[in-house]
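Chain by chain, the residues:
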Amino acid sequence: MKEQINDPALSPQERLKGLKHHVGEVLIKVGEPPKSGEVNNHIHTIYSFSPYTPSMAALKAWEAGLEAAGSVDHDSLGAAEEMLSACEILGIGGCVGFEVRVSFKKGADGKPGPFADRKINNPDSKGIVYMTVQGIPRQAYGKVRDFLKPLQEARNRRNRAMVERINLLLSQGGFPPLSFEHHIIPLSQHHHGGSITERHLMAAVAQFLITEFGQGPALLEGLKTRFGIEAPQKLALLLNDRSNPHYLFDLLGLLKTDFLPQVFIQPDETECIPAEQVVSFARHIEAIPAYAYLGDVGDSPTGDKKAEHFEDAYLEELFQELKRLGYRAVTYMPPRNSREQLLRVQELCRRYDLMEISGVDINSSRQSFHCPEVLEPQFHHLVNTTWALIAHERLASINLKYSLFHPENPLASLSLADRITLYARLGKALDKKKPEESARRFIQEKTLEAYSHG
């Protein structure tokens, strides 16, 4: 039954049915896993690139003791309904969002701006930024899908062009070509609103190499002699191990750093549209546009980013631009950065009145669902912002006026910090198995109005 939960070929309804049955058996046999108090708002699913369906992502979070989990997929909101339903079955908080790349290449005057030729938070491109849109009200899902569709189409035009470059490299090694339709699309949820990313392309190459060479020393030798790619010692040990359960993801990480740059094509502004357009759209639907802080990278938690310098050298200048563009939050990952880096980000968020949203972008089977850092004193407020995000999403799904940032919100006169504190209290008070019923009751009982009067 557990296999049914993580089967991409099944419908969301079938996966959720399997989840409900599995959880019922677990509760009877061993009881509920102990709660850790941890949260994660940034779990990727099969609707972008991940080994997990939304149902399985929620289950893994529950098994790890997380009290709340959220899906964030690249250029897709495909996981949303299933993720929220799975969290309700499991009795944990749930939230949804999406991630896109946007252009920071133009300034306020429409001319090339100060970030056009800088690597900001994107290892592959200058002037292109990763951002998230989180806390999406349920009634906006259709608008989000319509908004993302042309971005997916633009990305797939570039994906097809990159497959042509991949095939050129394969032909030079004496190998047959890959087909976008037959080798790439089947790895994705393209026909169900999912996106196709560079990881899908590298996964197809990885599967091809495993089929050609098998797992182990022959594959490493083939990479070296046919493509000039030599795995670092630590990764070579993993790829020499034929019993490695994470083999595909370890190989994919190597290809992303050493193969992808040979075929990569820079995206244009039909795919990575100007940041102000995404921010404006997010604010229009009463979602929360968030800049995704990367920071100078040492050891990458996902194993696919090289040590490199990013926005730390000009961080305050960047925050000024975020405020000008209308961002409402910054999202960051406590396990990724040093304490000094994140304390600086926190101070700038307070100074520029930006919400802090935490999450770890899980997209590999090797990653743990645990994030104990959020329980440390300097990061524990991120648990509250997660519950505030959940309350915002559920309340705004009933009436947009109750969005955390809506000008007619009963708490609009309070500071952002005070609104977050009160919304976090509401988020924790929700019936986790029927959160929207609870949210509707809070509205009917005018709970926020009561908070506004002390």
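Below is a short write-up of the structure. Quantities reported herein were computed from a predicted structural model and do not represent experimental measurements.

All chains considered together, the criterion is met by 24 salt bridges. Across the salt bridge formed by Glu-271 and Arg-158, the nearest N and O atoms sit 2.8 Å from each other. Of this pair, Glu-271 sits in the loop between helix H11 (260–263) and helix H12 (275–284) while Arg-158 sits in helix H5 (residues 141–172); the two residues are 113 residues apart in sequence, bridging distant segments of the chain. Relative accessible area serves as the criterion here: at 3%, Glu-271 is assigned to the buried category. Exposure remark for Arg-158: the relative accessible area of 6% places this residue in the buried category. Here Glu-181 ties to Arg-160 by a salt bridge, and the two come within 2.4 Å at their closest N and O atoms. Taken together, the residues Glu-181 in helix H6 (residues 180–184) and Arg-160 in helix H5 connect sequence positions 21 residues apart. Judged by its relative accessible area of 37%, Arg-160 falls in the partly exposed class.

This part covers unusual backbone geometry. Phi angles above zero are rare outside glycine, and Asp-353 is one such case at about 60 degrees. Of note, Asp-353 is situated in the loop between helix H14 (339–351) and strand S7 (355–358). The phi dihedral of Lys-446 is positive, around 55 degrees, even though this residue is not glycine. Its location among the elements puts Lys-446 in the loop between helix H17 (435–444) and helix H18 (447–452).

This brings us to the pairing of strand S5 (residues 288–292). The element S5 is largely enclosed, with a buried count of 5 among its 5 residues. Neither face of S5 is left uncovered, since the one carrying Ile-288, Ala-290 and Ala-292 and the one carrying Pro-289 and Tyr-291 both have all their residues buried. Relative to S5, strand S4 (residues 128–134) runs antiparallel, the two being bridged by 4 bridges. In the sheet register, Met-131 faces S5, and the bridge partner there is Tyr-291.

This part covers the packing of helix H2 (residues 12–29) against helix H3 (residues 54–63). At their nearest, the axes of H2 and H3 sit 9 Å apart, and the two run at 20 degrees to each other. On the basis of their axis angle, the class for H2 and H3 is roughly parallel. Classified by chirality, the crossing of H3 by H2 is right-handed. Counted together, Arg-15, Leu-16, Leu-19, His-22, Val-23, Val-26 and Leu-27 of H2 and Pro-54, Ser-55, Leu-59, Trp-62 and Glu-63 of H3 form the full contact between these two elements. Tallied by class, the residues present in the contact of H2 with H3 amount to 8 nonpolar, 2 polar and 2 charged.

About the thresholds
- Residues numbered from 1 in each chain as written.
- Predicted model: local features only at pLDDT ≥ 70, side-chain atom pairs only at ≥ 80, totals over all residues.
- Heavy atoms only, no water.
- Salt bridge = Lys/Arg side-chain N within 4 Å of Asp/Glu carboxyl O.
- Helix = DSSP H or I, 4+ residues; strand = E, 2+ residues; numbered from the N terminus.
- Buried < 20%, exposed > 50% of the residue type's maximum accessible area, 1.4 Å probe, protein only.
- Pairing = 2+ DSSP bridges.
- Axes fitted to C-alpha atoms, helices over the stretch in contact; angles between N-to-C directions.
- Parallel < 35°, antiparallel > 145°, perpendicular 65-115°, else oblique.
- Left-handed = near helix turned anticlockwise from the far one by under 90°.
- Contact = heavy atoms within 4.5 Å.
- Nonpolar A, V, L, I, M, F, W, Y, C, P; charged D, E, K, R; others polar.

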